[in-house]
Amino acid sequence: MDDSETGFNLKVVLVSFKQCLDEKEEVLLDPYIASWKGLVRFLNSLGTIFSFISKDVVSKLQIMERLRGGPQSEHYRSLQTMVAYELSNQLVDLEHRSHHPESGCRTVLRLHRALRWLQLFLEGLRTSPEDARTSVLCTDSYNASLAAYHPWIVRRTVTVAFYALPTRKVFLETMNVGPPEQAVQMLGEALPFIERVYNVSQKLYAEHSLLDLP
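Thresholds, definitions, all that
- The written sequence of each chain sets the order in which its residues are numbered from 1.
- Only residues with pLDDT of at least 70 are given local features in this predicted model, and only at 80 or more are side-chain atom pairs given and counted; all residues enter the totals for whole chains, interfaces and linings.
- Working from all heavy atoms in the structure, the side-chain values ignore hydrogens and water.
- Labels follow the DSSP assignment, with helices taken as runs of H or I lasting at least four residues and strands as runs of E lasting at least two, numbered in each case from the N terminus.
- The atom set for the radius of gyration is the C-alpha atoms, and the globule formula is 2.2 Å times the number of residues raised to the power 0.38.
- Only protein chains enter the calculation, and the probe is 1.4 Å; a residue is then buried if its accessible area is under 20% of its type maximum, exposed if over 50%, and partly exposed in between.
- Side-chain rings of Phe, Tyr and Trp (the six-membered ring for Trp) are treated as a pair once their centres are within 6.5 Å; stacked means planes under 30 degrees apart, edge-to-face means over 60, and tilted covers the remaining angles.
- Charge over a ring is defined by NZ of Lys or CZ of Arg lying within 6 Å of the ring centre and within 35 degrees of the ring normal.

A.B. asks: Please clarify how the overall build of the protein should be interpreted in this entry.
C.D. replies: Counting its secondary structure elements, the protein contains 9 helices and 0 strands. The C-alpha atoms of the protein give 17 Å as radius of gyration, which agrees with the globular expectation for 214 residues (17 Å, within 12%). With respect to the principal axes defined by its C-alpha atoms, the protein has extents near 50 × 40 × 30 Å. Out of the 214 residues belonging to the protein, those deemed buried represent 47%.

A.B. asks: Sorry, what's going on with the packing of aromatic side chains here?
C.D. replies: Aromatic rings considered in pairs are described by the distance between their centres and by the relative angle of their planes. On inspection of all chains with the given rule, the structure shows 11 aromatic pairs. Here Phe121 and Phe171 contribute two aromatic rings whose centre-to-centre distance is 5.2 Å and whose plane-to-plane angle is 85°, an arrangement assigned as edge-to-face. One end of the pair, Phe121, is in helix H5 (residues 104-127); the other, Phe171, is in helix H8 (residues 168-174), with 50 residues separating them in the sequence. As far as burial versus exposure is concerned, Phe121 and Phe171 are alike and both buried. Connected via pairs of aromatic rings, a cluster forms that spans Phe50, Phe52, Trp117, Phe121, Tyr142, Phe162 and Phe171. Between Arg113 and the ring centre of Tyr149, over which it is positioned, the NZ or CZ distance is 3.5 Å.

This is the structure in structure tokens:
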């Protein structure tokens, strides 16, 4: 881990997702973006192995920050207000990528899918035995989430790269919350915050038939 990651604590990042939901269970985009930045730090702390995901996530976060800082920022306060605004103003390419390749709906959908992969992978680390192979855990999580949206050559490259992943013990230690058993306990307490944000977002996108945006 390099100096830029000193003081990083994955529990702080995961618990920060709790701030993404307001009392009406709307997904607030400022905390969502901030929480994702923390997850990127975690991915980067593991070396270049996850750069194919973290680089794409960073580019998507930059798009969302531009929308939050733009003239229509009030419509991008939450995921719900963004969906309502972009759909009512025909700012989403629903069938073919054309005039709105960087719509908020499409951009968050890519982050949403990546969040599912990371949630599944971290849950796999939590529930697996000590001798579990992280390459298998990561591949299974990838196949259950992001793989369906990647071309064959990307899927092949990614799954081969997973074989270079560090051990489960190293992953848990990288979380900076103490020994492996303490990291496992932390994941059990903190992952539900990510899961709740994911489920609320999934339901919203499903209701508006946005889960397969090109």
